[in-house]
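So you can see what is in the structure, the chains are spelled out below.
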Amino acid sequence: MLTFEGAAFRQGDFTLEADFEIVAGGVTAVIGPSGAGKSTLLHGIAGFVPQVAGRLMWDGRNIAAAPPQDRPVSMLFQDNNLFPHLTVMQNVALALVPKVRPGREVQDRVEDMLARVGLQGLSARKPAGLSGGQQSRVALARALLQDRPVMLMDEPFSALGPALKDEMLDLSVSLAKGRTVVMITHDPADAGRIADAVIGVVPGRALSPVATQTFLTDPPVEMRDYFSPL
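These notes cover the structure that comes with them. Quantities reported herein were computed from a predicted structural model and do not represent experimental measurements.

What counts and what doesn't
Residues numbered from 1 in each chain as written. Predicted model: local features only at pLDDT ≥ 70, side-chain atom pairs only at ≥ 80, totals over all residues. Heavy atoms only, no water. Helix = DSSP H or I, 4+ residues; strand = E, 2+ residues; numbered from the N terminus. Buried < 20%, exposed > 50% of the residue type's maximum accessible area, 1.4 Å probe, protein only. Areas by Shrake-Rupley, 256 points an atom, 1.4 Å probe, with all protein chains shown as cover. Lys, Arg positive; Asp, Glu negative; His and termini not counted. Charge placed at Lys NZ, Arg CZ, Asp CG, Glu CD. Salt bridge = Lys/Arg side-chain N within 4 Å of Asp/Glu carboxyl O. Axes fitted to C-alpha atoms, helices over the stretch in contact; angles between N-to-C directions. Parallel < 35°, antiparallel > 145°, perpendicular 65-115°, else oblique. Left-handed = near helix turned anticlockwise from the far one by under 90°. Contact = heavy atoms within 4.5 Å. Nonpolar A, V, L, I, M, F, W, Y, C, P; charged D, E, K, R; others polar. Pairing = 2+ DSSP bridges.

## Observations concerning the overall build of the protein chain
The helix and strand tally for the protein chain stands at eight helices and eleven strands. Across the 230 residues that make up the protein chain, the buried fraction comes to 50%. Accessible area of the protein chain: about 10,700 Å², with a carbon and sulfur share of 50%. Side-chain charges in the protein chain split into 21 positive and 24 negative, and the spacing between the mean points of these groups amounts to 8 Å.

Quick look at the structure:
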């Protein structure tokens with residue numbers, strides 16, 4: 001379980017509160033209006049936003065004070081967060097070693113992961129030589145190669161067309177099977193496609209997870225304005 005016990009995360013003068021559990025090994029979507037705190041929640045889990053109250057528990061350990069590199073977390077960012085001056089090989093290898101010249105064993109592991117995400121033969125290219133979908137696959141390969149039990153996804157495929165976005169969502173969940181995936185989305189269809197549960201976020205508060213179909217057909221009272229037609 002990923003457990004929030006009276007947790008509060010603060011970004012500037014904004015505070016987000018959370019008090020619930022996320023089931024390990026499943027896919028949980030995070031939905032809510034812009035500015036409500038969805039990214040604050042994910043960045044708080046990752047350790048990029050400070051936690052100012054409560055506990056954040058994973059596998060019986062409070063990780064609230066742990067630095068990002070010591071948390072059981074990998075993250076896919078909205079902009080892919082690739083280094084433009086590095087090759088695909090070098091970008092992905094950073095998941096394993098902080099070197100721009102990885103050794104043969106690391107290179108072999110990277111090539112294997114690139115094949116799994118459909119990027120065979122592209123390890124020598126730089127991000128500028130890739131399509132948007134290919135850049136997303138590089139970022140996914142790097143997150144998977146970190147081999148952390150929790151994978152956070154901050155709308156990494158939002159810039160892709162609908163068909164390619166669906167393909168990338170399916171690929172991510174398939175390759176991350178067995179990990180705990182927490183994914184921000186603005187599109188309820190994304191949640192319906194891959195999520196087991198949904199966390200609704202209203203300004204300053206993350207609500208307890210609800211089974212996806214229940215959430216989509218009968219959303220929490222606090223979320224009904226979000227789902228109401230204009």
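Moving on, there is more to tell.
## Regarding the pattern of salt bridges
Two side chains that carry opposite charge are able to pair once their charged atoms sit near each other. Summed over the entire model, instances satisfying the criterion amount to ten salt bridges. Across the salt bridge formed by Glu 5 and Arg 55, the nearest N and O atoms sit 2.7 Å from each other. In this pair, Glu 5 sits in strand β1 (residues 2-11) while Arg 55 sits in strand β4 (residues 51-58), placing the two residues 50 residues apart along the sequence. Here Arg 205 makes a salt bridge to Glu 222, at a shortest N to O gap of 3.3 Å.

## Thoughts on the packing of helix α3 (residues 104-116) against helix α4 (residues 132-145)
Relative orientation of the contacting elements α3 and α4 amounts to 125°, with a least axis distance of 9 Å. Relative to α4, the element α3 lies oblique. At the point where α3 passes α4, the crossing takes the right-handed sense. Contacts between α3 and α4 involve Arg 109, Val 110, Met 113 and Leu 114 from the former and Ala 141, Leu 144 and Leu 145 from the latter. Counted by class, the contact of α3 with α4 contains six nonpolar, no polar and one charged residues.

## Side note on the pairing of strand β7 (residues 150-154)
Most of β7 sits inside the fold, with five of its five residues counted as buried. Of the two faces of β7, the one lined by Val 150, Leu 152 and Asp 154 and the one lined by Met 151 and Met 153 are each fully buried. Pairing analysis gives four bridges linking strand β6 (residues 73-76) to β7, with the strands arranged parallel. Bridging from a neighbouring strand, Leu 76 pairs with Met 153 of β7. Bridge count for β7 against strand β8 (residues 180-184) is five bridges, and the pairing is parallel. Considered in β8, the bridge of Met 153 is made with Met 183.

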